[in-house]
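Coordinate inspection notes
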Amino acid sequence: MEVNKHNFEEYLPKISESISKSEFIAIDTEFTGLNLGGETKNSLFDSIEDRYNKLRESTKQFTISQIGISAFLKKNDRYVAHTYNMYLFPAAYGPVDVRFMVQASSFEFQRRYDFDFNKYVYEGISFMNEDQEKQLKAFLKRREITAGVERDIDENLVQDVCSEVAEWHTKAEVGDSHTILKYDGARKIKYNYVFQNELRSRFKDIWTSTDGDKNLVVTKVTPEEKEQKMTLEKSESSELSNSLLGFRRLFLVLLEHKKPLLGHNMLMDLLLIYDKFHKPLPAHYKDFKTELNKMFPLIIDTKHVSTNLIRMKLDLKFNSSLGLLYKVLNSPEGQHFVIHSPVIEHGEEFERYNHETYLPHEAGYDAYMCGYCFLRLCHIMTFNGVPSTEVVPCTFTRYMTVMKRFHNKVNIIRASVNELDLASSESKSQRPLVFVQSKSSSYQLNAYKLAREFSKFGTVDIRLQDNTKALVATGNKYCANDLVRNYRNDKRMYVQHYSRWRHSPYIRPALWTGVVLSGGLCLLALWSNRKNNT
């Protein structure tokens, strides 16, 4: 189901109900850019803190362009998906007017998959985070609605409206009403608010309001009536505020219900959701992790699950890419790889993503594929190695118990570790290191040339220590072993498995310093002892 800014208010209760009744929520986001290049480029040397800092810088510059939410409800013996696809466009009002970058390659990618840029700009649901919400409410409370940037409307139209009201006002009796602006479907709600404040400040005995069709209406009232209406005017302010808050209101529903949250390769999704709907990302990863655990106590990344399933080398040919994984698990072979696999279907009014549809990289569809794959993976993991005679339809609680080892672990691409553990302390580097040293000072190492030469053995990143020494981070032990073996007799350079004690530019000098100091102290002690004896 597609939701935009025109029907968001209508569908918000329905989406909230889907979330509250669901067993779990799958999400996906599309964004305006991925990385800033240069210093923020991914590296196998990246620690978790390093990677967080890099992604934090990117997240501050880019924004979410589309979000998909797929709520999976359990109805009898089947799972019913309620999937919502939403274009998002940041709110611009008063002090809240964000700037964001667009990466050409990201927009080109989205264009390739029929992303509708007109819907993004013209129909995108507004959003903001908690800090921006506080700024907005303070601004509205100060009643500075007509100041500065908020006069971004046709001033001639404002004057024409005031002139029309002035002419009507001279003839009107108390209680008379007049429609001055009919809603045409295009006028922004905030403009109604600007007109109302302008008219109320110019005419002391009129009241302005909007009728059921969002037309702007003026009514002549007594001073007492106007005073009473002033106390009730918060509804108009609330409508404006709600319109600008937009998706943040739905985000708060997600926080309230704290359902298991799923995504595929979802680290960037989590960072963007935190920054754009909750609060600016904290400076340190540990603070982000602590707060995220409070927001969503249970997170599961199907990329991490599928990667581990591939290592089990089952008969089914798995792929950790979401689209290919879905195709495998949605095939007849995938659905019946283990008998009694759960029945998964779309709810009524949610047929946009029926089983014949394939809309990769539309956020709603990717969210649905993620949830679908999760249920299939749960069933396979639960009954892997169990005789078919003992396989039975399974409860969701049992699935979650079996999948416990994947709870709160998020996949991380090309870093020193394979996943982030959001619930406990992080593991140490899992990337084998190789040490390279020139055999003569005339042969100087070049990072680009080394990477190009070594990449035929696997994924590598190079870090030069100087012109004759380099550290190579490899994707796995096989790549490291191949490098050492193939360059054993190389005439240009030594290639060895890295040892901190032998190759660290810090530890080895420290050891020699310790040896020299120890030797010196021993000699001093012997000399002192000899002197005392004489």
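Higher on the page you've got the structure.
What counts, and at which threshold
Residues numbered from 1 in each chain as written. Predicted model: local features only at pLDDT ≥ 70, side-chain atom pairs only at ≥ 80, totals over all residues. Heavy atoms only, no water. Core = buried A, V, L, I, M, F, W, Y, C linked by side-chain atoms within 4.5 Å. Buried < 20%, exposed > 50% of the residue type's maximum accessible area, 1.4 Å probe, protein only. Helix = DSSP H or I, 4+ residues; strand = E, 2+ residues; numbered from the N terminus. Contact = heavy atoms within 4.5 Å. Pairing = 2+ DSSP bridges. Axes fitted to C-alpha atoms, helices over the stretch in contact; angles between N-to-C directions. Polar contact = N/O pair within 3.5 Å; in protein donor to acceptor, adjacent residues only side chain to side chain. Expected span 1.5 Å × (residues − 1). Arc of directions from axis to C-beta. Patch = residues over 30% accessible without salt bridge, like charges linked within 9 Å, V, L, I, M, F, W, Y side chains within 5 Å. Areas by Shrake-Rupley, 256 points an atom, 1.4 Å probe, with all protein chains shown as cover. Salt bridge = Lys/Arg side-chain N within 4 Å of Asp/Glu carboxyl O. Lys, Arg positive; Asp, Glu negative; His and termini not counted. Charge placed at Lys NZ, Arg CZ, Asp CG, Glu CD. Phe/Tyr/Trp six-rings, centres within 6.5 Å; stacked < 30°, edge-to-face > 60°. Lys NZ or Arg CZ within 6 Å of the ring centre and 35° of its normal.

Overview of the nonpolar core
- Core analysis: the biggest nonpolar cluster contains 53 residues, and Met86, Leu88, Phe247, Leu250, Phe277, Phe296 and Ile299 have the highest contact counts within it.
- Secondary structure elements with two or more residues in this core: helix H1 (8-21), strand E2 (24-31), helix H2 (48-61), strand E3 (64-75), strand E4 (78-87), helix H10 (247-257), helix H11 (267-278) and helix H12 (285-295).
- The dominant element in this core, judged by the number of residues it contributes, is H11, at 8 residues.
- Leave out the neighbours within four places in its chain, and Leu88 touches Ile64, Ser65, Gln66, Ile67, Tyr120, Gly124, Ile125, Phe127, Phe247 and Phe277.
- Core analysis: the second largest hydrophobic core is formed by 41 residues, Val328, Tyr353, Tyr365 and Met381 among them.

Examining H12
- Restricting attention to buried positions, one finds in H12 the residues Tyr285, Phe288, Lys289, Glu291, Leu292 and Met295.
- Against H2, H10, H11, strand E11 (299-301) and strand E14 (419-421) lie the buried residues of H12.

Topic: the pairing of E4
- Burial of E4 is extensive: 9 of the 10 residues sit out of reach of the surface.
- Pairing of strand E1 (residues 2-3) with E4, which is carried by 2 bridges, proceeds in the parallel orientation. Paired with Glu2 across the bridge in E4 is Asn85.
- Summarising the sheet, E3 and E4 pair through 10 bridges and their orientation is antiparallel. The residue of E4 that forms the bridge with Lys75 is Arg78.
- Between E3 and the antiparallel strand that follows it, E4, lie 2 residues; Asn76 among them carries a positive phi value of about 60°.

Observations regarding the sheet that holds strand E7 (residues 177-181)
- Ordered by their spatial adjacency, 3 strands build an open sheet running E7-E9-E8, and the pairing between neighbours is antiparallel. Looking at strand neighbours, the two that pair on one side only are E7 and strand E8 (206-210), the edges of this open sheet. Sheet twist, expressed as the average angle between the axes of neighbouring strands with direction ignored, equals 30°.
- Bridge count between E7 and strand E9 (residues 216-220): 4 bridges; the pairing is antiparallel. Residue Thr179 lies in a different strand from E9, and its bridge partner there is Val217.
- Sheet strands in contact with helix H6 (residues 155-169) are E7, E8 and E9, and its direction is about 165° off that of E7.

Regarding the side chain of Ser320
- Of note, Ser320 is situated in the loop between helix H13 (302-311) and helix H14 (322-330).
- Here the side chain of Ser320 touches Lys303 through a polar contact of 3.1 Å, side chain to side chain.
- Not counting residues within four places of it along the chain, the set of residues in contact with Ser320 comprises His264, Lys303, Ser306, Thr307 and Ile310.

Some points on H6
- Taking 1.5 Å per residue, 15 residues should reach 21 Å; H6 reaches 21 Å between its end C-alpha atoms and fits that length.
- For H6, the complete set of buried residues consists of Val158, Val161, Cys162, Val165, Trp168 and His169. In an axial view of H6, the angular spread of the buried residues amounts to 125°, which keeps them on one side of the axis. Among the exposed residues of H6, those oriented more than 90 degrees off its buried face are Asn156, Asp160 and Glu167.

Overview of a negative patch on the surface
- A surface patch of negative charge is lined by Asp154, Asp160, Glu164 and Glu167.
- Residue placement: Glu167 occurs in helix H6.

Quick notes on the packing of aromatic side chains
- Scanning all chains against the criterion turns up 30 aromatic pairs.
- Taking 5.6 Å as the distance between ring centres and 15° as the angle between the ring planes, the aromatic pair formed by Phe24 and Phe396 counts as stacked. With Phe24 in strand E2 and Phe396 in helix H17 (residues 396-402), this pair connects stretches of sequence that are 372 residues apart. Grouping residues by exposure puts Phe24 and Phe396 together as buried.
- Where Phe454 meets Tyr487, the ring centres are 5.1 Å apart and the plane angle is 70°; that geometry is what we call edge-to-face. Of the two residues, Phe454 sits in helix H18 (residues 447-454) while Tyr487 sits in the loop between helix H19 (477-486) and strand E18 (493-497), which places them 33 residues apart along the sequence.
- Taking the ring centre of Tyr358 as reference, the NZ or CZ of Lys327 above it sits at 4.7 Å.

A word on the sheet that holds strand E17 (residues 469-474)
- Read across the open sheet, the 4 strands follow the order E16-E17-E15-E18; overall the sheet is antiparallel. Of all the strands in the sheet, the pair left with one neighbour each is strand E16 (460-464) and E18. Between one strand axis and the next, the sheet turns through 25° on average, direction left out of account.
- Of the strand pairs in this sheet, E16 and E17 are connected by 5 bridges, and their pairing is antiparallel. In the strand pairing of E17, Arg463 is matched with Leu471.
- Each of strand E15 (433-438), E16, E17 and E18 touches H19; the most contacted strand, E18, lies at about 145° to it.

Keep in mind these numbers describe shape, not what the thing actually does.
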